[in-house]
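# An overview of the molecular structure
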Amino acid sequence: MERKVRTRVAPSPTGDPHVGTAYIAMFNIAFAHVNNGEFILRIEDTDQNRYTEGSEQMIFDSLNWLGLNWAEGPDIGGPVGPYRQSERFGIYGDYARMLVEKGEAYYCFCTPERLDNLRERQKAMKKAPGYDGHCRSLTKEEIEAKLAAGEPYVIRLKMPYEGETVIHDRLRGDIVFENSKIDDQVLLKADGFPTYHLANVVDDHLMGITHVIRAEEWISSTPKHIQLYKAFGWEQPEFIHMPLLRNSDRTKISKRKNPVSLNWYRDNGYLKEGLLNFLGLMAYSFKDGKEIFSLQEFKDTFNIDNVSLGGPVFDLVKLGWINNQHMRMKDLKELTDLAVPFFREKGFVGETLTEHERYALERIVEILREHAHTLKEIAEESEVYFKDEYTLPEITEEMDKKERKGIERLYNGIQDETGKKSIRLFLEKMEAFPTEDIPLEDAKKLLTDTLEEIGEGPGKVYMPLRAVLTGLPRGADLYNLISIIGKERTIGRLKRMMALYNI
Ligand code: GLU
């Protein structure tokens, strides 16, 4: 009988949750989904030196944020748990000793000094570094004596000296390694902790993983894993190595050149839909060339053989474009909910929202999502709706011609007689308006009525109004602005600027 497809991610909690974890999880999830399989989460926390407090929780939180759900994992348990390697320590030692008994692994008592010397000698002779097999030939008696004397030891795998190990990678074809070049890797360290290789293989086996879909950087470990499966006599999973995410200079994606923390993307106002779509596109294209898709569409139509190995470059400009598309597609109420914390962060709204504030935020989001790339950008660009105290910008030497022209038009507008008349008339109309809330249609009408009554071109009327209502040469539509800030604040803005500029 075919085994049920089971895939996994196995991140190590060594810091901020990495964008690569989400990328790999997404492909594992899609593969499990199209094969009616299961996707699980395992935490590989055997390396205590690299362990970071709180990191595991951040992995859960960020994957949950993205909707990359697992069927079994350390937080929810499952039939083959525990799913946290630090809770499985006993298991690894037993399996390592099982290999010793089978003659597939051996105790190695070499001291760190001997290994250092060996490395130095190999370096001097320009030989590749690696263990020389010194303890492979210890006799049973020698081993027993050393164990009885309590000498520290590691357990190493007996790699074959000859032949080849071949990875049949689904995407890359056969990758061949000469066994003579592969070290007798350590399986169990002197402190009794397993190495990554041992724990990873034992767990993938015990957890019934059928397909190991992981990043390209693990290819060099895979022959060691294959040898381990052979040594145990276990069926191998299928190995699929995904292309690495890369910086624009094609090096492996790194903190110095790109934000790599999933938290960064969330805190900077990317939507989960945008980030996932972007990560999907990194190594995958839909047959019909579609660039904008949801996780569900990706999962439903996924075909692992369409993964492209091109070495995808992580491009924040592209991500911004994709995120903008998703912001525009999203239900406005939902998008506004997601944007609220960003407005709050800017100090534009408090903990609770009044009904009018809620209305205003929805309108602002609706307007700004057309061009903004992130929720954060929406909040940042919305200052004009919140700041009632401003003056006209000063004209400076460094300004370019276009900018200077725009600002000059504001000054001319409020000094011009028609401009002053327009502002006063508009104030009158505002004061006569019956309610604090100004529906959009009424806001439009107030402006067009003013224009009509003045009987001059729109530039002559609207530019001075823009000057007093925003202090800015371009940006927000006036009717939206008025409707958003309401009657009282509109009047406040008008009066303040009229006093300031003697209008
Ligand atoms: N613990 C490894 C990591 O941090 C797992 C690699 C693998 O998938 O085998 O990514």
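Summarised in this report is the structure supplied together with it. (Residues numbered from 1 in each chain as written. Predicted model: local features only at pLDDT ≥ 70, side-chain atom pairs only at ≥ 80, totals over all residues. Heavy atoms only, no water.)

### Focus: the overall build of the protein
Within the protein, the regular secondary structure consists of 20 helices and nine strands. Here the C-alpha coordinates of the protein stretch approximately 110 × 55 × 40 Å along the principal axes. Here the protein holds 503 residues, and the buried ones make up 49% of them. For the protein, contacts bridging at least 24 residues in sequence account for 74% of all contacts bridging at least 6. (Helix = DSSP H or I, 4+ residues; strand = E, 2+ residues; numbered from the N terminus. Buried < 20%, exposed > 50% of the residue type's maximum accessible area, 1.4 Å probe, protein only. Contact = heavy atoms within 4.5 Å.)

### What to know about helix H1 (residues 19-34)
With 16 residues, H1 should cover 22 Å at 1.5 Å per step; its first-to-last C-alpha distance of 23 Å lies within 8% of that length. Counting buried residues along H1, 14 of its 16 residues qualify, which places the element largely inside the surrounding structure. Once H1 finishes, Asn36 follows within two positions and takes phi at roughly 50°, a positive value. (Expected span 1.5 Å × (residues − 1).)

### What to know about the site of the ligand
In the vicinity of the ligand, the contacting residues are Arg8, Ala10, Ser12, Glu44, Tyr196, Asn200, Arg214 and Trp218. In this structure, Asn200 approaches the ligand through a side-chain N or O atom, which is 3.0 Å from an oxygen atom. One nitrogen or oxygen atom from the side chain of Arg214 is found 2.8 Å from an oxygen atom belonging to the ligand. Surface burial for the ligand is 83%, taken as the share of its 290 Å² of free accessible area covered by protein chains. A class-by-class count of the residues in the shell around the ligand yields three nonpolar, two polar and three charged. (Near = heavy atom within 4 Å. Polar contact = N/O pair within 3.5 Å; in protein donor to acceptor, adjacent residues only side chain to side chain. Areas by Shrake-Rupley, 256 points an atom, 1.4 Å probe, with all protein chains shown as cover. Nonpolar A, V, L, I, M, F, W, Y, C, P; charged D, E, K, R; others polar.)

### Re helix H13 (residues 355-368)
With 14 residues, H13 extends 20 Å between its outermost C-alpha atoms, agreeing within 8% with the 20 Å of an ideal straight helix rising 1.5 Å per residue. Along H13, the positions that sit buried rather than exposed are Ala360, Leu361, Glu362, Arg363, Ile364, Val365 and Leu368. Tucked inside the fold, the buried residues of H13 contact helix H12 (332-345), helix H14 (375-380), helix H15 (383-386), helix H18 (440-454) and helix H20 (478-500).

### Here's the deal with the side chain of Thr418
The topology assignment puts Thr418 in helix H17 (residues 417-432). If sequence neighbours within four positions are ignored, Thr418 has contacts with Ile454, Glu456 and Lys460.

### Things to note about the sheet that holds strand S7 (residues 186-188)
In space, the three strands of this open sheet follow the order S3-S4-S7, with antiparallel pairing throughout. The outermost strands of the open sheet, each flanked by one partner alone, are strand S3 (105-108) and S7. Taking each pair of neighbouring strands and ignoring which way they run, the sheet shows an average axis angle of 40°. Examined bridge by bridge, S3 and strand S4 (residues 154-157) share four bridges and lie antiparallel to one another. (Pairing = 2+ DSSP bridges. Axes fitted to C-alpha atoms, helices over the stretch in contact; angles between N-to-C directions.)

### A look at the packing of aromatic side chains
Going through the model one piece at a time under the given rule, you end up with 27 aromatic pairs. On the basis of an interplanar angle of 85° and a centroid distance of 5.3 Å, the ring pair of Phe27 and Phe298 is categorised as edge-to-face. Within this pair, whereas Phe27 is found in helix H1, its partner Phe298 is found in helix H10 (residues 295-301), the two being separated by 271 residues in sequence. Residue Phe27 is classed as buried on the basis of its relative accessible area of 0%. When the ring of Phe348 is compared with that of Phe386, the centres are 4.4 Å apart and the planes differ by 5°; the resulting orientation is stacked. Taken together, the positions of Phe348 in the loop between H12 and H13 and Phe386 in helix H15 put the pair 38 residues apart, joining distant regions of the chain. A residue is classified by how much of its surface remains accessible, and Phe348, at 15% relative accessible area, is buried. Of the aromatic side chains, those joined through ring pairs into one cluster are Tyr23, Phe27, Tyr284, Phe286, Phe293, Phe298 and Phe302. (Phe/Tyr/Trp six-rings, centres within 6.5 Å; stacked < 30°, edge-to-face > 60°.)

### Observations regarding the side chain of Asn277
Within the secondary structure layout, Asn277 lies in helix H9 (residues 272-283). Once residues lying within four places of it in the same chain are set aside, the contact partners of Asn277 are Glu291, Ile292, Phe293, Ile322 and His326.

### Overview of the pattern of salt bridges
Taken as a whole, this structure holds 39 salt bridges when the rule is applied. What emerges from the salt-bridge pattern is a single network uniting Arg8, Arg42, Glu44, Arg88, Asp203 and Asp204. (Salt bridge = Lys/Arg side-chain N within 4 Å of Asp/Glu carboxyl O.)

### Focus: the pairing of strand S9 (residues 238-242)
Sheet faces and side chains relate simply in a regular strand, where the side chains alternate between the two faces. With respect to burial, S9 is a largely interior element, four of its five residues being buried. Relative to S9, strand S8 (residues 211-215) runs parallel, the two sharing five bridges. Residue pairing for S9: Val212 is matched across the bridge by Phe239. Once you follow S8 into helix H7 (residues 222-232) and on to S9, the crossover reads as right-handed. (Right-handed = clockwise from strand over helix to strand, strands pointing away.)

### A short note on a negative patch on the surface
Judged by side-chain charge, Asp267, Glu345, Glu380 and Glu381 come together as a negatively charged surface patch. Locating Glu381 in the fold gives a position in the loop between H14 and H15. Residue Glu381 is classed as partly exposed on the basis of its relative accessible area, which comes to 41%. (Patch = residues over 30% accessible without salt bridge, like charges linked within 9 Å, V, L, I, M, F, W, Y side chains within 5 Å. Lys, Arg positive; Asp, Glu negative; His and termini not counted. Charge placed at Lys NZ, Arg CZ, Asp CG, Glu CD.)

### Examining the pairing of strand S5 (residues 164-169)
Of the two faces of S5, the one holding Thr165, Ile167 and Asp169 is buried and the one holding Glu164, Val166 and His168 is not buried anywhere. When S5 meets strand S6 (residues 173-178), the two strands line up antiparallel, connected through six bridges. Across the sheet, Ile167 pairs through a bridge with Ile175, a residue of S6. Adjacent in sequence and paired antiparallel, S5 and S6 are bridged by three residues.

The values reported here are purely geometric and, on their own, carry no functional implication.
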